Amino acid sequence: MKSQLQVEQVINTLKSDLPTLFKKDISYDIYTQDIYFQDPVNKFKWKFNYRIIFWTLRFHARLFFTQIYFDLHEVSQTAEDTILAQWTVRGVLRVPWKAPLFFNGYSTYKLNQNNLIYQHIDTWDRPPGEILQQFWQREENN
């Protein structure tokens, strides 16, 4: 039962960290040193690089957006060694026409025998180029 409690701790940490990832740093003690991360535009290994991607997300969020949110819908254990987080990113780009950003995705986290996350794969609901196209769209009701 001890391992299940540890999985619950990982889930609770993700539930706490993810909604505020654009505002403040996450907890890194639930990840292995050699964590592998992949999303549609990035692919790398090691906790140092993992920390940099979250710093970069916060930096770009402040620089390029007047509003940005990471809406966490659900975090659940889908297999003994797998946690799935479903989410939406939405925001308003810092441009005169206030271009909106919106896309859904999910994060698949793989756990090692110590219930530390050794792999984090993000899947988006559309290709990165299609997401970037939103930046050039103007609101119709201005």
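Residues numbered from 1 in each chain as written. Predicted model: local features only at pLDDT ≥ 70, side-chain atom pairs only at ≥ 80, totals over all residues. Heavy atoms only, no water.

Undergrad: Help me get a handle on helix α2 (residues 47-64), residues and values and all.
TA: For α2, spanning 18 residues, the distance from its first C-alpha to its last is 26 Å, which sits close to the expected 26 Å at 1.5 Å a residue. Here α2 has its buried residues at K47, Y50, I53, F54, R58 and A61. Angular distribution of buried residues about the axis of α2 spans 130°; they occupy a single face of the element. Check the buried side of α2 and you find it contacts β1 (31-38), β2 (43-45), β3 (65-79), β5 (100-111) and β6 (117-124). (Helix = DSSP H or I, 4+ residues; strand = E, 2+ residues; numbered from the N terminus. Expected span 1.5 Å × (residues − 1). Buried < 20%, exposed > 50% of the residue type's maximum accessible area, 1.4 Å probe, protein only. Arc of directions from axis to C-beta. Contact = heavy atoms within 4.5 Å.)

Undergrad: Residues and numbers for the sheet that holds strand β4 (residues 82-93), please.
TA: The six strands lie next to each other as β2-β1-β6-β5-β4-β3, forming an open sheet whose pairing is mixed. Edge positions in the open sheet fall to β2 and β3, since each of these has one partner strand only. Going from strand to strand, the sheet's axes swing by 20° on average, the running direction of each strand aside. Two strands pair when backbone bridges link them, and β3 and β4 are joined in this way by 12 bridges, in the antiparallel orientation. Its bridge partner being in β4, A79 is matched across the sheet by T82. (Pairing = 2+ DSSP bridges. Axes fitted to C-alpha atoms, helices over the stretch in contact; angles between N-to-C directions.)

Undergrad: Would you mind going over the pattern of salt bridges in detail, with residue names and values included?
TA: Taken as a whole and assessed by the stated rule, the structure comprises four salt bridges. The closest approach of N and O atoms between R58 and D25, which form a salt bridge, is 3.2 Å. On the criterion of sequence distance, the pair formed by R58 in helix α2 and D25 in the loop between α1 (2-17) and β1 is long-range, its members being 33 residues apart. Here D25 falls in the partly exposed class, since its relative accessible area comes to 35%. Here D81 makes a salt bridge to K110, at a shortest N to O gap of 3.8 Å. Of this pair, D81 sits in the loop between β3 and β4 while K110 sits in strand β5; the two residues are 29 residues apart in sequence, bridging distant segments of the chain. (Salt bridge = Lys/Arg side-chain N within 4 Å of Asp/Glu carboxyl O.)

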